Amino acid sequence: MARMKLVLVGNGMAGMRTLEELLKAAPDLYDITVFGDEPHPNYNRIMLSLVLAGEQTVEQIVLNSRDWYAERGITLHTGKRVVKIDRKNRLVEADDGTSSSYDRLLLATGSKSFILPIPGADLPGVVGFRDIADVDAMIAAAGQYRNAVVIGGGLLGLEAANGLKLRGMEVSVVHIAPWLLERQMDEPASRLLQKSLEEKGLKFLLQKQTAELLPGTSELARDLDAAIASKLAPTEGARVGAVRFKDGETIPADLVVMAVGIRPNTQLAESAGLQCSARPGGLLVNDTMQTYDPRIYAVGECVNHRGIAYGLVAPLWEQARVCANHLAEHGVARYQGSMTSTKLKVTGIDLFSAGNFVGGEGHEEIVFQDAGRGSYKKLVLKDNKLAGAVLYGDTLDGAWYFELMRDATDVADFRDKLLFGRHHIGDSGAGGGMGDEMSRVMALPDTAEICGCNGVCKGDIIKAVREKKLFTLDEVRAHTKASGSCGSCTGLVETILAATAGGDYSTAPSKKPLCNCTEHTHDEIRAAIIEQGFKTTRETMRGLAWKTPDGCTKCRPALNYYLLCAWPTEYVDDAQSRYINERAHGNIQKDGSFSVVPRMWGGLTNPKELRAIADVAEKFNVPEVKVTGGQRIDLFGIRKEDLPAVWKDLSDAGFVSGHAYGKAMRTVKTCVGSQWCRFGTQDSTGLGVKMEQLTWGSWMPHKFKLAVSGCPRNCAEATIKDFGVVCVDSGYELHVGGNGGIKVRITDLLAKVETEQQVLEFCAAFTQLYREEAHYLERTAPWVERVGLSHIKAQVVEDAANRATLAERFLISQKPAQVDPWKQRTAGALKREFMPIHAS
Amino acid sequence: MTDWINVATLEDIPRQGARVVKTAAGDIAIFRTVDDEIFALRDKCPHKGGPLSQGIVHGKKVACPLHDWKINLDSGLAVAPDVGCTARYPVRVVDGAVSLSLTPETTSAGR
């Protein structure tokens, strides 16, 4: 069968990204032809600022070399501008007469610099800031001339001005608004920025409106007053020499850079009769990136999606992914818009801005200002949710604020600490104190270890970003593993990525799907399971249009848990969707052997139990026996085929599984309590045993640990547990959301109660709320932070009826869960899991 | 000439799962996909030697239980960006009987 023909008009980042995604999804579907009006292969336009600043070369920013196109059999026409689309005959034609027919056409014509319609705008020496040609012209001018004027004090204008200054020119920035970057920053932050740019030698002319550009040399212009200058007839071929403002002032200018904005480049689309938007401009597309002509798709800065024309890279990547999905005829992805954030690429200046930072009716502001240290932070809240942020100086927490905005997190509970950043809200640990490190990260040597889990150094990350052309955190994770395990170095990795690849690296999607197999979020999937009554993994995947035949390692275990939690009495567990530890009811070790932890209720044991464990250890030549952090005994190095026999002996001695291997209730750690301890206020061991009897066997979104301390000395470390009880003379303090792992988090106080019965009811209710609301693989600590303690209090503490219902639902789900899996398997269940086949 | 050894019935291998075959030449994992396709790989991840037979089978891939590398069942190649390869063994199903050859495939399976 003949392959279909795909023509791409626009050899830039968005179009080429779409092709790369398409080749991954359907490598052989199309014969591909690419037209680009620049003489270069696809390069990273975001990095032009750094090329201008002399920090990178043009060669370094090429994304797809000519060989890349050749190796994939893609026909590349550079330096050819497509001037006509013949939709009837499905043909495009370039200005040199080259034509190409198509079955599918992809328009990615990008945008162009907006050139002010003023006299003299067409003089030589007046450029935009858009492509390599513009940069070449600026670099050439910097070598010959002295005075540069940049019109426009936005991101692009400031980056151009910074680059020209570094190239030795005297640079003035003209801006019509009262302060710089008025669309990204409020006035105080902008003044700080202006001050530090002035220290770099830039001059600013604010609230100035350009009237015209005058020809001549600047030396001449300096000696003329405006009136005379304007009367001089432009000499043939004369270069720009001065800028005159509406107020009559004239300043010398051998180079004028117009950076007053970009306009979607829709000329070609309009000439072909495709519907475009007049304001803000852009070729109209639907959620599948299709134009009004179903054979024609469009992506990138030329596009208008739901009224927005995006000019940042992250949304374009999203569009590219969706468009490629449809070009590949998979037909499931949808683009639903992006939330964007901004960073300024001027070395030494840290600026972050996102969302609505101006505030207004119904909004509240939190502001921190330290002009001496050059630091400014402003957060805008609406209904206790973060609506926008401006950071200047210390931008470490930009990514975190962005996350809070995207997830619409209720910040009421940590509002007092919000301004001081993530590591001030207890969620610190390994990430703690990173704030100061952040500004130093780029000064670190290449050998500095960034990701401790996977041993990834700074140099490795930079190399991968450059060589593999990575733009997103996910890509860096995939290629280097950096920040892919515990995630505590995510901020550092993002900084390195931003510094190396440029751009708005932040996560773009306005919602985050569970995994790449689906468009739906965790919450949407959980709701659909209940509302649409999905009872199996297969039904759920079919009902929600899964993109893969049977999911992946992320979604299968999650769905299995969500179904089990939704239908506790009828769901049949899908063993093949469980991670090996839960399938084999032991912890797999690096050599493929397993470890076995029998349950010891509340950490109590006795000679009979210890003797049984000792016997098992000897009988099966267990190489190592260790006491765990949760007050249990761990037997290491057991071969999988021996597990059922080990369990049988333990089972006969009265042990059940300790679930030390599962996303499940793990242990209740206790101190000795009032029975022995001279400080003990309550029977902490007795209560611990009761809590363990209540909760054991329960599957959870993640592991779940409990503890009971007999007095506020807290020997059982209850305040770093998922659910911790601290006994006091008058009753019991209930603490939740603690974590002793990667990120140490101290619990929040949920409530204080008077009786053991109440402790058990609160414990059941809290556990059930977590089971029903948390995302799979989300521990209580991040869950509490995401939904807010007040939400949990409202459900569990303040509403007694709801508490009782939650607790009851927990008890119902516990009935089928409290069957010892070891005993079942000793009795022969899932026997083949543990039996190897012997080939004779 | 391939020497086929009869090792199991199709029903012995769980769908979306695997079984380990102990051989003189080491462990071999036999996988069964959701579509009942059968594949055999050396039971060792090219990364750190993890037992692939213990991983989650999804599509035509298995995820190593130790560090979650994905290995293509049809080629033995690690899914990019990871790089590595595990030996493949010829395997066939005739009338529900699964048989295996202990001589690894030598040809490159392509993608």
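Bear in mind the structure is a predicted one, so any value in this text is a computation, not a measurement.

### What to know about the overall build of chain A
Right, on to step 1. A count of helical and extended segments in chain A gives 28 helices and 37 strands.
Right, on to step 2. For chain A, the spread of C-alpha atoms along the three principal axes comes to 105 × 70 × 50 Å.
Right, on to step 3. Within the span of chain A, comprising 840 residues, buried residues form 49% of the whole.
Right, on to step 4. Taking contacts inside chain A between residues at least 6 apart in sequence as the whole, the part at least 24 apart equals 64%.

### With respect to the overall build of chain B
Right, on to step 1. Scanning chain B for helices and strands turns up zero helices and ten strands.
Right, on to step 2. Beginning at the N terminus, the succession of helices and strands in chain B can be written as β-β-β-β-β-β-β-β-β-β.
Right, on to step 3. Taking 111 residues into account, the globule formula puts the C-alpha radius of gyration at 13 Å, and chain B, at 13 Å, falls close to it.
Right, on to step 4. The principal-axis extent of the C-alpha atoms belonging to chain B is close to 40 × 25 × 25 Å.
Right, on to step 5. Here chain B holds 111 residues, and the buried ones make up 46% of them.
Right, on to step 6. Here the contacts in chain B between residues at least 6 apart in sequence split such that 42% fall between residues at least 24 apart.

### Re the sheet that holds strand S35 (residues 731-736) of chain A
Residues and elements named next belong to chain A.
Right, on to step 1. Spatial strand order, S32-S33-S34-S35-S36: five strands in an open sheet with mixed pairing. Each edge of the sheet is formed by a strand with only one pairing partner; in this case those strands are strand S32 (665-670) and strand S36 (748-753). Taken pair by pair, the neighbouring strands of this sheet meet at an average axis angle of 15 degrees, ignoring direction.
Right, on to step 2. Two strands pair when backbone bridges link them, and strand S34 (residues 723-728) and S35 are joined in this way by six bridges, in the antiparallel orientation. Residue pairing in the sheet places Phe723 in a bridge with Val736 of S35.
Right, on to step 3. The sheet strands contacting helix H24 (residues 756-773) are S34, S35 and S36, and the helix crosses S36 at an angle near 145 degrees.

### Thoughts on the nonpolar core
Residues and elements named next belong to chain A.
Right, on to step 1. Counting 69 residues, the largest nonpolar core has Val150, Val256 and Val257 as the members making the most contacts within it.
Right, on to step 2. Two domains each put at least three residues into this core: domain 1 (4-110 + 263-327) and domain 2 (126-260).
Right, on to step 3. The residues touching Val257, leaving out its near neighbours within four places in the chain, are Val127, Phe129, Met138, Ala148, Val150, Ile151 and Ala160.
Right, on to step 4. Counting residues in hydrophobic clusters, the runner-up holds 65 residues, among them Met13, Tyr69, Val82 and Ala482.

### Re the packing of helix H1 (residues 13-25) of chain A against helix H10 (residues 313-327) of chain A
All names here are of chain A.
Right, on to step 1. Relative orientation of the contacting elements H1 and H10 amounts to 40 degrees, with a least axis distance of 8 Å. In this view, H1 runs oblique relative to H10, as classed from their interaxial angle. When you trace H1 past H10, the crossing you get is right-handed. Residues Met13, Ala14, Arg17, Thr18, Glu21, Leu22 and Ala25 of H1 touch H10, and the partners they reach there are Val313, Leu316, Trp317, Gln319, Ala320, Arg321, Cys323, Ala324, Asn325 and Leu327.
Right, on to step 2. Looking at the contact of H1 with H10 residue by residue, the class counts come to eleven nonpolar, three polar and three charged.

### Things to note about the sheet that holds strand S14 (residues 240-245) of chain A
Residue and element names in this part refer to chain A.
Right, on to step 1. The three strands are arranged S13-S14-S15 in an open sheet whose pairing can be described as antiparallel. One side of each edge strand has no neighbouring strand; the edge strands of this open sheet are strand S13 (210-215) and strand S15 (250-252). Strand-to-strand, the axes of this sheet are offset by a mean angle of 25 degrees, without reference to chain direction.
Right, on to step 2. In this structure, S13 lies alongside S14, joined through five bridges in antiparallel fashion. Opposite Leu213, over in S14, you have Val243 as the bridge partner.

### So, the interface of chain A and chain B
Right, on to step 1. Facing the 20 residues of chain A at the interface are 27 residues of chain B.
Right, on to step 2. Elements supplying a minimum of two residues to the side of chain A that touches chain B: helix H15 (473-480) and strand S37 (837-838) of chain A.
Right, on to step 3. Split into classes, the residues belonging to the side of chain A that touches chain B amount to nine nonpolar, seven polar and four charged.
Right, on to step 4. Note that S37(A) and strand S2 (residues 17-23) of chain B share two bridges and pair parallel. The residue bridging A:Ile837 from the neighbouring strand is B:Val21, located in S2(B).

### With respect to the domain arrangement of chain A
Right, on to step 1. Along its sequence, chain A is carved into domain 1 (4-110 + 263-327), domain 2 (126-260), domain 3 (522-578), domain 4 (581-657) and domain 5 (665-817).
Right, on to step 2. Domain 3 of chain A and domain 4 of chain A are separated by 32 Å when their C-alpha centres are compared.

### A few points about the packing of H24(A) against helix H26 (residues 789-798) of chain A
Residue and element names in this part refer to chain A.
Right, on to step 1. Packing of H24 against H26 brings their axes to within 10 Å, and their N-to-C directions diverge by 135 degrees. Our classification of the angle between H24 and H26 gives oblique. The two elements H24 and H26 cross, and the hand of that crossing is right-handed. Between H24, through Phe762, Ala765, Phe766 and Leu769, and H26, the contact on the second element is made entirely by Ile792, Gln795 and Val796.
Right, on to step 2. For the contact of H24 with H26, a count of residues per class yields six nonpolar, one polar and no charged.

### With respect to the confidence of the model for chain A
All names here are of chain A.
Right, on to step 1. Considering every residue of chain A, the mean pLDDT works out to 89; 93% of them sit at 70 or more.
Right, on to step 2. The model gives residues 218-236 a pLDDT under 50, and that stretch makes 28 contacts with residues more than four places away or in other chains.
Right, on to step 3. Considering only residues more than four positions removed or in separate chains, one finds that residues 426-438, a stretch of pLDDT under 50, has 32 contacts.

### With respect to the confidence of the model for chain B
Right, on to step 1. Per-residue confidence for chain B gives a mean pLDDT of 91; residues scoring 70 or more make up 95%.
Right, on to step 2. Listed scores for the predicted complex are pTM 0.72 and ipTM 0.92.

### Observations concerning the pairing of strand S4 (residues 82-86) of chain A
Residues and elements named next belong to chain A.
Right, on to step 1. As judged from the four bridges shared by S4 and strand S5 (residues 91-94), these two strands associate in the antiparallel manner. Counterpart to Asp86 in the pairing with S5 is Leu91.
Right, on to step 2. Between S4 and S5, which pair antiparallel one after the other, the connecting turn spans four residues, and Arg90 there sits at a positive phi close to 55 degrees.

### A closer look at the pairing of strand S9 (residues 91-94) of chain B
All names here are of chain B.
Right, on to step 1. One ladder, built from four bridges, connects S9 with strand S10 (residues 97-100); its direction is antiparallel. Across the sheet, Val94 pairs through a bridge with Ala97, a residue of S10.
Right, on to step 2. Connecting S9 to the next strand, S10, in antiparallel fashion are two residues, including Asp95 with a positive phi near 50 degrees.

### A look at the environment of A:Met541
Right, on to step 1. Among the secondary structure elements, A:Met541 is positioned in helix H18 (residues 537-543).
Right, on to step 2. Sequence-distant contacts of A:Met541, that is, excluding residues within four places in its chain, are made with A:Trp546 and A:Gly551.

### Considerations on H24(A)
Right, on to step 1. For H24(A), with 18 residues, the first-to-last C-alpha span of 26 Å sits near the 26 Å given by 1.5 Å per residue.
Right, on to step 2. All of the buried residues in H24(A) are A:Val759, A:Glu761, A:Phe762, A:Cys763, A:Ala764, A:Ala765, A:Phe766, A:Thr767, A:Gln768, A:Leu769, A:Tyr770 and A:Arg771.

### Here we look at the environment of A:Val646
Residues and elements named next belong to chain A.
Right, on to step 1. Locating Val646 in the fold gives a position in helix H22 (residues 643-652).
Right, on to step 2. Expressed as a C-alpha distance, the spacing of Val646 and Lys619, which sit 27 residues apart in the sequence, is 8.9 Å.
Right, on to step 3. Once residues lying within four places of it in the same chain are set aside, the contact partners of Val646 are Val596, Val616, Phe620 and Ile638.

### Things to note about helix H5 (residues 155-166) of chain A
All names here are of chain A.
Right, on to step 1. Between its first and last C-alpha atoms H5 spans 17 Å; for twelve residues at 1.5 Å apiece the expected length is 16 Å, and the two agree.
Right, on to step 2. With respect to burial, H5 is a largely interior element, eleven of its twelve residues being buried.
Right, on to step 3. Residues Leu155, Leu156, Gly157, Leu158, Glu159, Ala160, Ala161, Asn162, Gly163, Leu164 and Lys165 constitute the buried set of H5.
Right, on to step 4. Following H5 by one or two positions, Gly168 has its phi on the positive side, about 95 degrees.

### A closer look at the environment of A:Ala387
All names here are of chain A.
Right, on to step 1. Within the element layout of this structure, Ala387 appears in strand S25 (residues 385-392).
Right, on to step 2. You can call Ala387 buried: it has 22 C-beta atoms within 10 Å.
Right, on to step 3. In contact with Ala387, other than residues within four places in its own chain, are Gly355, Asn356, His363, Val380, Leu381 and Lys382.

### Considerations on unusual backbone geometry
Right, on to step 1. At the junction of B:Ala80 and B:Pro81, the peptide bond is cis and its omega measures out at 5 degrees in the coordinates.
Right, on to step 2. For B:Pro81, the position within the fold is in the loop between strand S7 (70-72) and strand S8 (88-89).
Right, on to step 3. With a phi angle near 50 degrees, A:Gln207 is a residue other than glycine that sits in the positive phi range.
Right, on to step 4. Looking at where A:Gln207 falls in the secondary structure, it is placed in the loop between strand S12 (203-206) and S13.
Right, on to step 5. The exposure class of A:Gln207 is exposed, given the 11 C-beta atoms found within 10 Å.
Right, on to step 6. Phi at A:Ala545 takes a positive value of approximately 55 degrees, unusual for a residue other than glycine.

Reading the values: the criteria
- Residues numbered from 1 in each chain as written.
- Chains lettered and ligands numbered in written order.
- Predicted model: local features only at pLDDT ≥ 70, side-chain atom pairs only at ≥ 80, totals over all residues.
- Helix = DSSP H or I, 4+ residues; strand = E, 2+ residues; numbered from the N terminus.
- Buried ≥ 20, exposed ≤ 12 C-beta atoms within 10 Å, placed from the backbone.
- Contact = placed C-beta atoms within 7 Å.
- Rg over C-alpha atoms; globule rule 2.2 N^0.38 Å.
- Pairing = 2+ DSSP bridges.
- Axes fitted to C-alpha atoms, helices over the stretch in contact; angles between N-to-C directions.
- Core = buried A, V, L, I, M, F, W, Y, C linked by C-beta atoms within 7 Å.
- Domains from an automatic or database assignment.
- Parallel < 35°, antiparallel > 145°, perpendicular 65-115°, else oblique.
- Left-handed = near helix turned anticlockwise from the far one by under 90°.
- Nonpolar A, V, L, I, M, F, W, Y, C, P; charged D, E, K, R; others polar.
- pLDDT = per-residue confidence, 0-100.
- Expected span 1.5 Å × (residues − 1).

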